[in-house]
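Inside the fold
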Amino acid sequence: MNRRDFARLGWATVIATGAGTLRPAFAQSPALGPPQHPKMAAWEPKAHQRAADFTLRIAPMIVELAPQVVLSTIGYSDKVPGPLLRVREGQHVTVDVVNDTDVPEYVHWHGLWVPSNVDGVEEEGTPPVPPHGRRRYQFVARPAGSRWYHSHTAAMLDLHRGAYTGQFGFLMIDPANGPEPYDQEVFLALREWEPYLTAMDQDEEPADPNDPVPEKPALPDKRPNGLEISAPLYSINDKMLGAGEPLRVKEGQRVLMHLLNASASQIHRVALYGHKFQVTALDGNPVPAPQRVDVIEIAPGERVDAIVEMNNPGVWILGELRNVARQSGMGIVVEYANQQQRARWLPPPKTRWDYTIFGTTAPHAAPDETIDMVFEKVPGGPHGINHWLVNGKEYPHEREFVLRQGGRYRLVFHNRSDDAHPLHMHRHLFELVELNGKPTSGIKKDTVIVPAFGRATVDLVADQPGLTLFHCHIQQHMDFGFKALFRYA
Ligand SMILES: [Cu+2]
């Protein structure tokens, strides 16, 4: 049976196994009562502290992806995605997080300039939200743009923790000077559900033979590939294609779409037949040269903001290009007013996603230092899981990566593996300099896809003192070696 057959037949199986994820805490948790843990008292807000702007409750919950397709996961405040946190640039934000599960949790504020002890990362020294306890996170909301928050807990072999759960949500930091004009705003988070381990890698489009492969070794690695994460169910937000309300639009509207890939493992490509995406921001940061494209590629951790001009009346599917992903749920119906026909999917023209077209040709300031980072796969390993090396070693790297405050660093990412990796730098933005030899300028990101056997070069100004985690945003890769800690001298 191939993977597609499984996707067609497998729902009942999946739901049955999914039920096993219900934890005792689900039955025991008080609805909103006082914390049960003895250590809790220390975390109670003091009388003189003001009330939090937001409270997030981490707890087991049920998600109805479609009628008859219901699974259990851990989520924020009983919502998937979690509540939209919307703040102004520069606002002092207080978020109380209540952990109603049996394990410590970390909430990471992805794309924000926050100190290490607030970033929500164990490796940087952020204290956890204790089991059946609570923790207050306080930060200044910056920079402006589409940010998000998510669990940063290691999952390892537990596929019901960290990024495999429903613990993710949008965090919008509205710019002081207001966004571009639009008629409607939508938030679309791409997700997979009920992950499992397999050595059959069918979750990505086959590589284009014309893609440059500057890091391809002369001799191919003949070792058999280890286990990777796959998933039979897909959704946009909490609904499979066709199960939720359609996105209702009117001819002539400009719809601002905030796309987020909240997946633990897969890069996605989406299209909307007969429409173009005017990409205005990458990872929440306005691009110097907005462009209209047919297809958006987005990796775990990335965000893309795009305006779609609704100028092709009908009922269409905005969905994943891969049939298996779209037919297993990754899509949403876009319905124009007064159109009743069946939703249609037609594949878009063949295009290649290329960050560099959104940049300029301005020259870059010379770096103070260049840091080369080489990424390699160790196929198989303990439990048959692929392991990952950064400069020949799995995490940790002692004091290998040290930044001097104010220094300008050029990081060269050499991907010597046959997978694409979304590489994320915490607490900083970097600027793209080159992708597979193609120069660009002015594109600020916090996560960049380095294609299979490809190379990406980025510039980073060391202006956020404190421990800073760097890692692949694919949860399993991060858990099995693909991370490094940057320190300030
Ligand atoms: Cu990776």
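It should be noted that the structure appears before, not after, this text.
Our subject in this report is the structure included herewith. (Residues numbered from 1 in each chain as written. Predicted model: local features only at pLDDT ≥ 70, side-chain atom pairs only at ≥ 80, totals over all residues. Heavy atoms only, no water.)

**Things to note about the overall build of the chain**
Under the convention used in this document: For the purposes of this entry, the term helix denotes a DSSP run of H or I that reaches at least four residues, the term strand denotes a run of E that reaches at least two, and both are numbered from the N terminus. Buried means the residue's accessible area, taken with a 1.4 Å probe over protein chains only, is under 20% of the maximum for its type, while exposed means over 50%, and partly exposed covers the values in between. Here, residues are in contact when the closest pair of their heavy atoms is within 4.5 Å. All accessible-area figures derive from a Shrake-Rupley calculation using a 1.4 Å probe, and residue coverage is judged against the displayed protein chains alone.
When helices and strands are tallied, the chain shows 5 helices and 33 strands. Out of the 489 residues belonging to the chain, those deemed buried represent 57%. Within the chain, contacts between residues separated by at least 24 positions form 79% of all contacts whose residues are at least 6 apart in sequence. Accessible area of the chain: about 20100 Å², with a carbon and sulfur share of 54%.

**A few points about the sheet that holds strand 24 (residues 402-403)**
What counts here: If DSSP finds at least two bridges between two strands, the strands pair.
Strand order in the open sheet made by the 5 strands is 24-33-32-26-30, with mixed pairing throughout. Edge positions in the open sheet fall to strand 24 and strand 30 (447-450), since each of these has one partner strand only. For strand 32 (residues 468-472) and strand 33 (residues 483-488), the ladder comprises 4 bridges, and the chain directions are antiparallel. Within the sheet, the bridge partner assigned to F470 lies in strand 33 and is A484.

**Structural notes on the packing of aromatic side chains**
Let me state the cut-off plainly: Aromatic contacts are taken between Phe, Tyr and Trp rings whose centres are within 6.5 Å, Trp giving its six-membered ring; a plane angle under 30 degrees counts as stacked, one over 60 as edge-to-face, and the others as tilted. Two conditions define a charge sitting above a ring: the NZ of Lys or the CZ of Arg must be within 6 Å of the ring centre, and it must be within 35 degrees of the ring normal.
A complete count under the given rule lists 15 aromatic pairs for this structure. Their ring planes at 45° and their centres at 5.0 Å tell us that W109 and F139 sit as a pair that is tilted. Highlighted residues: W109 in strand 5 (residues 107-110) and F139 in strand 6 (residues 134-140), separated in sequence by 30 residues. F139 carries the same exposure label as W109, and that label is buried. Each ring, one from W353 and one from Y355, has its centre 6.2 Å from the other, and the planes form 70°; the classification is edge-to-face. Accessibility expressed as a relative area gives 15% for W353, which makes it buried. Of the aromatic side chains, those joined through ring pairs into one cluster are F375, W388, F401, F413, F470, F482 and F486. Over the aromatic face of W193 sits the side chain of R191, whose NZ or CZ is 4.4 Å from the ring centroid. Here K483 stacks its cationic end above the ring of Y395, 4.7 Å away from the centre of that ring.

**Description of the coordination of the copper ion**
When a metal holds four donors in a tetrahedron, each ideal angle between them is 109.5 degrees; when it holds six in an octahedron, the ideal angles are 90 or 180 degrees. As a reminder of what qualifies: Donor atoms (N, O, S) are those found within 2.8 Å of the metal centre, with the cutoff raised to 3.2 Å for Na, K and Ca; water is not part of the atom list, so apparent gaps in a site can occur.
For the copper ion, every protein donor is listed as H421 (ND1), C472 (SG) and H477 (ND1), and the spread of their distances is 2.0 to 2.1 Å. Read in sequence order, the donor residues coordinating the copper ion give the pattern H-x50-C-x4-H.

**Focus on the sheet that holds strand 7 (residues 145-151)**
Strand pairing in a sheet is mediated by backbone hydrogen bonds. Such pairs are either parallel or antiparallel. Convention followed: Here, axes are lines fitted to C-alpha atoms. For helices the fit covers the stretch in contact, and angles between N-to-C directions go from 0 to 180 degrees.
Here 4 strands make up an open sheet; going across it, the order is 3-8-7-5 and the pairing mixed. Two strands lie at the open edges of the sheet, namely strand 3 (85-88) and strand 5, each paired on one side alone. For this sheet the average axis-to-axis angle between neighbouring strands, irrespective of direction, equals 20°. Strand direction decides the pairing type here: strand 3 and strand 8 (residues 168-174), joined by 4 bridges, are parallel. Bridged to V87 within strand 8 is I173.

**Details of the side chain of H268**
Note the following rule: Here a polar contact is recorded for every N or O atom pair within 3.5 Å, except that within protein the pair must consist of a potential hydrogen donor and a potential acceptor, and residues adjacent in sequence are included only if both atoms are side-chain atoms.
Note on placement: H268 falls in strand 15 (residues 268-272). Looking at H268, its side chain comes within polar contact range of the side chain of E320, at 2.7 Å. Beyond its immediate stretch of four places on either side in the chain, H268 contacts L190, E192, Y234, N261, S263, I296, E297, I298, E320, R322 and M330.

**Quick word on the environment of D368**
Secondary-structure assignment places D368 in the loop between strand 21 (331-336) and strand 22 (369-378). The contacts of D368, once residues within four sequence positions are left out, are R404, G406, G407 and R408. A polar side-chain atom of D368 sits 2.7 Å from the main-chain amide nitrogen of R408.

**Focus on the nonpolar core**
Which entries qualify depends on this criterion: To form a nonpolar core, buried Ala, Val, Leu, Ile, Met, Phe, Trp, Tyr and Cys residues must be joined to one another through side-chain atoms within 4.5 Å.
Counting 66 residues, the largest nonpolar core has M257, I296, M373, F413 and V448 as its most contacted members. Every residue in contact with F413, bar those within four places of it in the chain, is listed here: M373, F375, L423, V448, V450, G454, R455, A456, V458 and F470. Membership of the second largest hydrophobic core comes to 23 residues, among which are V93, V118, A144 and L171.

**Section: the side chain of T153**
Structurally, T153 is set in the loop between strand 7 and strand 8. Owing to a relative accessible area of 6%, T153 belongs among the buried residues under this scheme. Looking at T153, its side chain comes within polar contact range of the side chain of S151, at 3.2 Å. The residues touching T153, leaving out its near neighbours within four places in the chain, are P104, E105, Y106, R161, G162 and Q475.

**Remarks on the pattern of salt bridges**
Stated formally: Think of a salt bridge as a Lys or Arg side-chain nitrogen and an Asp or Glu carboxyl oxygen that are within 4 Å of each other.
This structure, assessed with the given rule, holds 26 salt bridges. Measuring nitrogen to oxygen at the nearest pair gives 2.7 Å for the salt bridge that ties R136 to D96. With R136 in strand 6 and D96 in strand 4 (residues 92-99), the pair connects residues that are 40 residues apart, well separated along the chain. D96 shares its class with R136; the two are buried. Where D283 meets R303, a salt bridge forms, and the shortest distance between an N and an O atom there is 3.7 Å. Separated by 20 residues along the polypeptide, D283 in the loop between strand 16 (277-282) and strand 17 (285-293) and R303 in strand 19 (residues 303-309) bring together distant segments of the chain. By the burial criterion, D283 is buried, and R303 matches it. Each of D283, E302, R303, K445 and D446 takes part in one network of salt bridges that share partners.

**Let's talk about the pairing of strand 16**
Of all the 6 residues making up strand 16, 5 are buried; the element is thus mostly covered by neighbouring parts of the structure. As judged from the 5 bridges shared by strand 16 and strand 17, these two strands associate in the antiparallel manner. Across the sheet, the residue bridging to V279 is Q291, located in strand 17. Connecting the antiparallel pair strand 16 and strand 17 is a turn made up of 2 residues, with D283 showing a positive phi of about 50°. Note: strand 16 against strand 19, 5 bridges, orientation antiparallel. Bridging from a neighbouring strand, L282 pairs with V304 of strand 19.

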